[in-house]
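Notes for the structure review
Here's the letter readout for the chains.
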Amino acid sequence: MAVFFFLVAFGLVFALFVSTALLRWNEVKYRKKGLPPGTMGWPVFGETTEFLRQGPNFMKSQRARYGSIFKSHILGCPTVVSMDPELNRFILMNESRGFVPGYPQSMLDILGKCNIAAVHGSTHKLMRGALLSLVSPSMIKDHLLPRIDRFMRTHLAGWEQTVVDIQEKTKEMALLSALNQIAGEDSVSMSGDFMPEFFKLVLGTLSLPINLPGTCYHRGFQARKNVVSMLGRLLEKRRDSGQAQRDMLGVLMNHKLTDEEIIDQMITILYSGYETVSTTSMMAVKFLHDHPEVLEELRNEHLSIRERKMPEDPIDWEDYKSMRFTRAVIFETSRLATIVNGVLRKTTQDMELNGFVVPKGWRIYVYTREVNYDPCLYPDPLTFNPWRWMDKSSESHNYLFIFGGGTRQCPGKELGIAEICTFLHYFVTRYRWEEVGGDKLMKFPRVEAPNGLHIRVSTY
């Protein structure tokens, strides 16, 4: 028995010694003159586990210990985290001066090397030009908004007297609506096989790039192969038909892009729109439920639109532009729920920032979450108050990062807002709802309800 206890004690001491040695070795490995203070965690894994589990609390704890700029090792990369609003704005506005996109390897591998987040310089300019042509005001007005309207009418039909998981419904809505805008009628036949693969792809983009069976990365990477295969067949079918169609794929095919570039742009459109549109829509439903005075104001705005239309009339561009309060609800939802926590950049040379030196090849995590709760910018910041956005100038202040910033501001911002406006239009004019209760929300690394967000729907 004594020998057993001795071996257990020895094992614990040895494990403690090895753990301490590994942590110490990793700190020494990244100890370079001029780096910000901070900790680097374990070899390979760094502090990824703490970052993903604790999220904002991890960030606040590190800031309390080391200040607004500190080093860490997250998602497989040595990283400098900036929580300084002025520095964040400088980085976002000066991409060509030593900064390029620095998204995690898992995201680059799964979204593709030709996606707009992975390229820079002249290639980024070409890709951005192609994407902007897809989401220009004229394209939204004449082609996409009518598609969105038809889709939303069908998607929101038959919800009355049922309990629905609004998280699941908005995920389906965001993906299928985007797929419809890309592929038109072809989207109907491929949606059943496409959806489950795409959902696995999304989960793999924010994971450690360890390609072993059973890992999120492995599942996501395999899902990418299946998604690429389906989109490749769609591209071949469209090309063989010889018919020009005025959907997103048709427009992309008119640009001087390779098949790989076209497919990666389709994945980019689906990915970027899916995450933000679905989560913002879900959280808008949540906030409207919790704030009846906001719901009343928003519903009145939409009922006034319907009063001047026949029941079968779609909403048009002028209707959309008149949805000022709905737009304010979307901005306030994005701010308070913090759908996007920040963006990543990578240094192309040693960079001196606020007195610290960031080595070439390191990531910089421009962490913008805390700006959303700054009382100097947003009085009473934890209160859901869409009226704060009714002044149009609120959308253009220097520290508004909810849609990105600089040359990387989301090119599909207006399209996403139009989708959510259309969804809310039909939802609030058709239905009332109440929460079933008991569902919990997670705010990091993604805003989600792990067990769904269930609501009981009745006719308005």
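Sequence order sets the numbering: in each chain, residues are counted from 1 along the sequence as written. Only residues with pLDDT of at least 70 get local features here, since the model is predicted, and only at 80 or more are side-chain atom pairs given and counted; chain-wide, interface and lining totals rely on the full set of residues. Excluding hydrogens and water, the side-chain values take into account all heavy atoms of the structure.

Turning our attention to the overall build of the protein. Numbering of helices and strands starts at the N terminus; helices are DSSP runs of H or I of at least 4 residues and strands are runs of E of at least 2. Looking only at helices and strands, one finds 16 helices and ten strands in the protein. Here the C-alpha radius of gyration of the protein, 24 Å, is about what a compact globule of 460 residues would show, namely 23 Å. Each principal axis of the C-alpha distribution contributes one length, and for the protein these read about 80 × 55 × 55 Å. Note on areas: Shrake-Rupley, 1.4 Å probe, and residue coverage restricted to the protein chains presented here. Accessible surface, the protein: about 21200 Å² in total, of which carbon and sulfur atoms supply 56%. Distance between charge centroids for the protein: 6 Å, based on 55 positive and 50 negative side chains. To get the radius of gyration, use the C-alpha atoms; to get the globule rule, take the number of residues to the power 0.38 and multiply by 2.2 Å. Counting rule for charge: Lys and Arg are taken as positive, Asp and Glu as negative, and neither His nor the chain ends is counted. For this purpose, a charge sits on NZ of Lys, CZ of Arg, CG of Asp or CD of Glu.

Pairing between strands is defined by DSSP: at least two bridges between them are needed. A sheet is described by the order of its strands in space; here five strands give the open sequence β1-β2-β8-β5-β3, paired in mixed fashion. The strands lining the two open edges of the sheet, one partner per strand, are β1 (69–74) and β3 (99–101). Strand after strand, the sheet turns through a mean of 35 degrees between neighbouring axes, direction not considered. Here helix α3 (residues 56–66) sits on the sheet and contacts β1, β2 (77–82) and β8 (363–367); the angle it forms with β1, its principal contact strand, is near 135 degrees. Along the sheet, helix α4 (residues 85–93) makes contact with β1, β2, β3, β5 (342–347) and β8, crossing β8 at roughly 120 degrees. Here an axis means a line fitted to C-alpha atoms, over the contact stretch when the element is a helix, while the angle between two N-to-C directions is reported on a 0 to 180 degree scale. The contact rule is simple, with two residues in contact once any of their heavy atoms fall within 4.5 Å.

With that out of the way, let us pick up the packing of helix α13 (residues 292–307) against helix α16 (residues 413–430). Close contact between α13 and α16 brings their axes to 9 Å; oriented N to C, the two are set at 95 degrees. One finds that α13 runs roughly perpendicular with respect to α16. For the pair α13 and α16, contact is made by Leu-295, Leu-298, Arg-299, His-302, Leu-303, Ile-305 and Arg-306 and by Cys-421, Leu-424, His-425, Tyr-426, Val-428 and Thr-429, respectively. Taken together, the residues of the contact of α13 with α16 sort by class into eight nonpolar, three polar and two charged. Angles are sorted into four bins: roughly parallel if under 35 degrees, roughly antiparallel if over 145, roughly perpendicular if 65 to 115, and oblique for all others. Gly falls in the polar group here, along with every residue not listed as nonpolar (Ala, Val, Leu, Ile, Met, Phe, Trp, Tyr, Cys, Pro) or charged (Asp, Glu, Lys, Arg).

As for its position among the elements, Ser-187 is in helix α9 (residues 186–204). In this view, Ser-187 contacts Leu-179 and Asn-180; residues no more than four positions away in its chain are not counted.

Any two packed helices are characterised by how steeply their axes cross, that is the angle between the axes, and by the distance between the axes. In the contact formed by helix α7 (residues 137–155) and α16, the axes pass within 10 Å of each other and the chain directions differ by 35 degrees. Handedness of the α7/α16 crossing: right-handed. Between α7 and α16, the contacting residues are Ile-140, Leu-144, Leu-145, Ile-148, Asp-149, Met-152 and Arg-153 on the first element and Glu-414, Leu-415, Ala-418, Glu-419, Thr-422, Phe-423, Tyr-426 and Arg-430 on the second. Considering only residue class, the contact of α7 with α16 consists of nine nonpolar, one polar and five charged. Note: crossing handedness is left-handed where the near helix turns anticlockwise from the far helix by less than a right angle, and right-handed where it turns clockwise.

With respect to the helices and strands, the residue Lys-60 is situated in helix α3. The exposure class of Lys-60 is partly exposed, given its relative accessible area of 39%. When the C-alpha positions of Lys-60 and Met-83 are compared, they lie 9.4 Å apart, and in sequence the two are 23 residues distant. Each residue is assigned to one of three classes by its accessible area relative to the maximum for its type, calculated with a 1.4 Å probe on protein chains only: buried under 20%, partly exposed between the two thresholds, exposed over 50%.

Proteins that are soluble and globular tend to have nonpolar side chains buried together. Definition used in this section: a nonpolar core is a set of buried Ala, Val, Leu, Ile, Met, Phe, Trp, Tyr and Cys residues joined via side-chain atoms within 4.5 Å. Residues Met-59, Trp-159, Phe-194, Phe-198, Leu-231, Phe-423 and Phe-427 are the most contacted members of the largest nonpolar core, which totals 134 residues. The element best represented in this core is helix α12 (residues 259–290), accounting for 15 residues. Aside from chain neighbours lying at most four places away, what touches Phe-427 is Leu-156, Trp-159, Val-285, Trp-433 and Ile-455.

Moving on: the pattern of salt bridges. We define a salt bridge as a side-chain nitrogen of Lys or Arg found within 4 Å of a carboxyl oxygen belonging to Asp or Glu. Counted according to the given criterion, the structure contains 18 salt bridges. Arg-238 serves as the salt-bridge partner of Asp-247, at 3.0 Å between the closest nitrogen and oxygen. Both residues of the pair, Asp-247 and Arg-238, count as buried. The salt bridge partner of Arg-335 is Glu-332, with a shortest N-O separation of 2.9 Å. Of the two residues, Arg-335 and Glu-332 are both situated in helix α15 (residues 324–337); the distance of three residues between them amounts to about one turn of the helix. Classification of Glu-332 as buried rests on a relative accessible area of 0%.

Our focus in this paragraph is the packing of aromatic side chains. In this description, an aromatic ring pair is defined by two values, namely the gap between the centres and the angle between the planes. Any pair of Phe, Tyr and Trp rings, taking the six-membered ring for Trp, is counted once the centres come within 6.5 Å. Such a pair is stacked with planes under 30 degrees apart, edge-to-face with planes over 60 apart, and tilted for the rest. On inspection of all chains with the given rule, the structure shows 16 aromatic pairs. When the ring of Phe-198 is compared with that of Tyr-274, the centres are 5.5 Å apart and the planes differ by 90 degrees; the resulting orientation is edge-to-face. Pair noted here: Phe-198 is in helix α9 and Tyr-274 is in helix α12, with a separation of 76 residues, a long-range link. Both residues of the pair, Phe-198 and Tyr-274, belong to the buried class. With 5.0 Å between their ring centres and 50 degrees between their planes, Phe-325 and Trp-387 make a pair best called tilted. Of the two residues, Phe-325 is situated in helix α15 and Trp-387 in the loop between β8 and α16; the sequence distance between them amounts to 62 residues. The class for Phe-325 is buried, based on a relative accessible area of 2%. Only when the NZ of Lys or the CZ of Arg is both within 6 Å of the ring centre and within 35 degrees of the ring normal is a charge said to sit over the ring. The aromatic ring of Tyr-378 is capped on one face by Arg-335, whose charged end is 5.0 Å from the ring centroid.

Phi is positive for Thr-338, close to 50 degrees, though the residue is something other than glycine. For Thr-338, the position within the fold is in the loop between α15 and β5. Assessed through its relative accessible area of 0%, Thr-338 is described here as buried. The residue Asn-354 is not glycine, and still its phi comes out positive at about 50 degrees. Of note, Asn-354 is situated in the loop between β6 (351–353) and β7 (356–358).

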